[in-house]
Amino acid sequence: MQYRKDRSGSDLSILGFGCMRFTKKGGGIDLDKAEQEILAAYAAGVNYFDTAYVYPGSEAAVGEILERNHIREHVRIATKLPQYLIGSRAAVDRYFDEELARLRTDHVDYYLMHHVTDVAMWEKLKKIGILEWIAEKKRSGAIRNVGFSYHGNTENFLRILNDYDWDICQIQYNYFDEYAQAGVEGLRAAAAKGIPVVIMEPLRGGKLVNMLPDGAKQAMRESGRGWSAAEWGLRWLYNQPEVTVVLSGMNSLDMVRENCRVASEAQAGAFTEADFRTLAEVSAQIRAKEKVGCTGCRYCMPCPKGVDIPGAFRCYNAMSIESKSAGRFQYAQTVGLTKEPAFATQCVGCGKCEQHCPQNIPIREKLKEADRALRPLPYKLGINIARKFMFR
Ligand code: SF4
Ligand code: SF4
């Protein structure tokens, strides 16, 4: 295993155990199987375990496994506050105390505000006194490091990043989503401030393994590297020194072994020009299945009406590359459930964006098409209800 540093100089294994995909059994987590996988990863040097309040059964499983194997003090637990469910400081205390009880510990090493999508969420937390709460928990040692996990756009990420002295952040990032969400710009901005960056969805929830078109698989084969699809995705991340930990939701011993091997071999800066060309070809093969040839460059932004143009196209494309529901879910999550929604229907047709698009995309027309596909009536209703609940 290789290690990169957190802000206090502690070693974090570059492979983190994502604890949201444990195998299920009888309506719960298959604890014995999860235990074998966690212990195998631990034996190979993994010391970062990521869970969250809302991952069903996960915190309790992690707590029980670490306690009965007497390894709690040898690993770092990262877990998350479900901030979108919270309306008062008393509620923060309740959730946190419950998390400590589930995890069978008296402290959390990395405590993250879960699933932040825009500045308004962070402002809401500040209003209920989260800064004072964090300071108190840090003073008492109940929380060692504080961060946030993020799913909104780059602009909001940078604003949140620069608004507080964070110890860590967690972003979705992979070779296909280099310019989506926080993106490479967010990654580098965090690293430049000395903030460790934890990567989630390094393989797009397995899609960069299981749903590759034939042409993409062929490009990988012809590279002569002999790397698996998963290995390509992980090595691309480890190639970047700004990446601190890559989370993998491991749920088989084979997966643990392969990921640990890659994490012990891959070096930052080791990618060759030929390797980059291979992944560019893989991405091009995936994009060939897309509905809109948007590269996510953001030259069209900002839209005066607040439309997240590349965000809408990315979700629209996900409908054909991944699945209809995956695209719609992403649209609801990143465009619809922000304080200021960024729906394609907010477009008033001024045409400003089209003057800047290097791909000559008829943005106005494609936005209409995208919103129709991404937000059929049941989704519209669902998003409206969720918005009322979240921004009440
Ligand atoms: S045409 Fe629509 S999307 Fe483009 S800048 Fe104007 S309002 Fe925004
Ligand atoms: S300028 Fe064109 S290619 Fe770039 S993000 Fe906007 S729509 Fe996509």
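Bear in mind the structure is a predicted one, so any value in this text is a computation, not a measurement.

This part takes up the overall build of the chain. Within the chain, the secondary structure is distributed over 16 helices and 12 strands. Taking 392 residues into account, the globule formula puts the C-alpha radius of gyration at 21 Å, and the chain, at 21 Å, falls close to it. Once the C-alpha set of the chain is aligned to its principal axes, its extents read approximately 60 × 55 × 45 Å. Per-residue burial for the chain yields a buried fraction of 55% across its 392 residues. In the chain, the proportion of contacts linking residues at least 24 apart, taken out of those at least 6 apart, comes to 77%. When the accessible surface of the chain is split by element, carbon and sulfur atoms take 51% of a total near 16600 Å².

What follows deals with the site of ligand 1. Neighbouring ligand 1 are C303, P304, K305, I309, C347, V348, G349, C350, G351, C353, R364 and L367. For the shell around ligand 1, the residue count by class is eight nonpolar, two polar and two charged.

Another aspect to go through is the nonpolar core. In this structure, F17, M113 and I309 are the most contacted members of the largest nonpolar core, which totals 117 residues. Those residues in contact with F17 that sit more than four places away from it in its chain are F22, E37, I38, A41, V46, Y48, F49, D50, L247, S248, M250 and V256. Counting 10 residues, the second-largest nonpolar core is a separate cluster that includes Y48, A78, Y110 and M200.

A few words now on the site of ligand 2. Close to ligand 2 lie 13 residues, the nearest being C294, C297, R298, C300 and C357. Considering only residue class, the shell around ligand 2 consists of nine nonpolar, three polar and one charged.

This part covers unusual backbone geometry. Of note, the amide linkage connecting M301 to P302 takes the cis form, showing an omega dihedral of 0 degrees. Of note in this structure, Q181 is not a glycine but carries a positive phi near 55 degrees. Judged by relative accessible area, which is 6%, Q181 ranks as buried.

Aromatic rings in a pair are described by how distant their centres are and how their planes are angled relative to each other. Evaluated as defined, the whole model comprises 20 aromatic pairs. Ring geometry for Y53 and Y95: centres 4.8 Å apart, planes at 85 degrees, overall edge-to-face. Highlighted residues: Y53 in the loop between β6 (48-50) and α2 (58-68) and Y95 in helix α3 (residues 89-103), separated in sequence by 42 residues. With respect to burial, Y53 and Y95 carry one shared label: buried. Ring geometry for W227 versus W232: centroids 4.6 Å apart, planes at 65 degrees, classification edge-to-face. W227 gets classed as buried once you look at its relative accessible area, which sits at 15%. Through a chain of ring-to-ring contacts, the aromatic side chains of W122, F148, Y150, F157, Y164 and W166 assemble into a single cluster. Positioned above the aromatic ring of Y53 is the side chain of R102, whose terminal nitrogen or guanidinium carbon lies 4.1 Å from the ring centre. The lysine or arginine in question, R287, covers the ring of F176, its NZ or CZ lying 4.4 Å from the ring centre.

Let us now look at the packing of helix α9 (residues 214-222) against helix α12 (residues 273-287). Two elements in contact, α9 and α12, have axes separated by 8 Å at closest approach and are oriented at 170 degrees. Overall, the two elements α9 and α12 adopt an arrangement that is roughly antiparallel. Contacts between α9 and α12 involve G215, A216, A219 and M220 from the first element and T278, L279, E281, V282 and Q285 from the second. For the contact of α9 with α12, the class distribution of residues is five nonpolar, three polar and one charged.

Attention shifts here to the sheet that holds strand β9 (residues 143-150). What the eight strands build is a closed barrel, ordered β3-β6-β7-β8-β9-β10-β11-β12; its pairing is parallel. Pairwise comparison of adjacent strand axes, ignoring direction, gives a mean angle of 25 degrees for this sheet. In this structure, strand β7 (residues 76-81) lies alongside strand β8 (residues 108-116), joined through four bridges in parallel fashion. Within β8, the position partnered with T79 by the bridge is Y111. Lying on the sheet, helix α6 (residues 154-161) is in contact with β8, β9 and β10 (168-172); it crosses β9 at an angle near 160 degrees.

Here we come to the side chain of S58. Secondary-structure assignment places S58 in helix α2. Here the side chain of S58 touches T51 through a polar contact of 2.7 Å, side chain to side chain. In this structure S58 touches C19, F22, I29 and T51, once residues within four positions along its chain are discounted.

All right, on to the side chain of H114 then. With respect to the element layout, H114 can be found in strand β8. Excluding residues within four positions of it along the chain, H114 makes contact with A52, V54, Y55, K80, L81, P82, Q83, Y84 and S149.

Calculation criteria
Residues numbered from 1 in each chain as written. Chains lettered and ligands numbered in written order. Predicted model: local features only at pLDDT ≥ 70, side-chain atom pairs only at ≥ 80, totals over all residues. Heavy atoms only, no water. Helix = DSSP H or I, 4+ residues; strand = E, 2+ residues; numbered from the N terminus. Rg over C-alpha atoms; globule rule 2.2 N^0.38 Å. Buried < 20%, exposed > 50% of the residue type's maximum accessible area, 1.4 Å probe, protein only. Contact = heavy atoms within 4.5 Å. Areas by Shrake-Rupley, 256 points an atom, 1.4 Å probe, with all protein chains shown as cover. Near = heavy atom within 4 Å. Nonpolar A, V, L, I, M, F, W, Y, C, P; charged D, E, K, R; others polar. Core = buried A, V, L, I, M, F, W, Y, C linked by side-chain atoms within 4.5 Å. Phe/Tyr/Trp six-rings, centres within 6.5 Å; stacked < 30°, edge-to-face > 60°. Lys NZ or Arg CZ within 6 Å of the ring centre and 35° of its normal. Axes fitted to C-alpha atoms, helices over the stretch in contact; angles between N-to-C directions. Parallel < 35°, antiparallel > 145°, perpendicular 65-115°, else oblique. Pairing = 2+ DSSP bridges. Polar contact = N/O pair within 3.5 Å; in protein donor to acceptor, adjacent residues only side chain to side chain.

Note that every value here comes from positions in space, so none of it alone points to a role or purpose.
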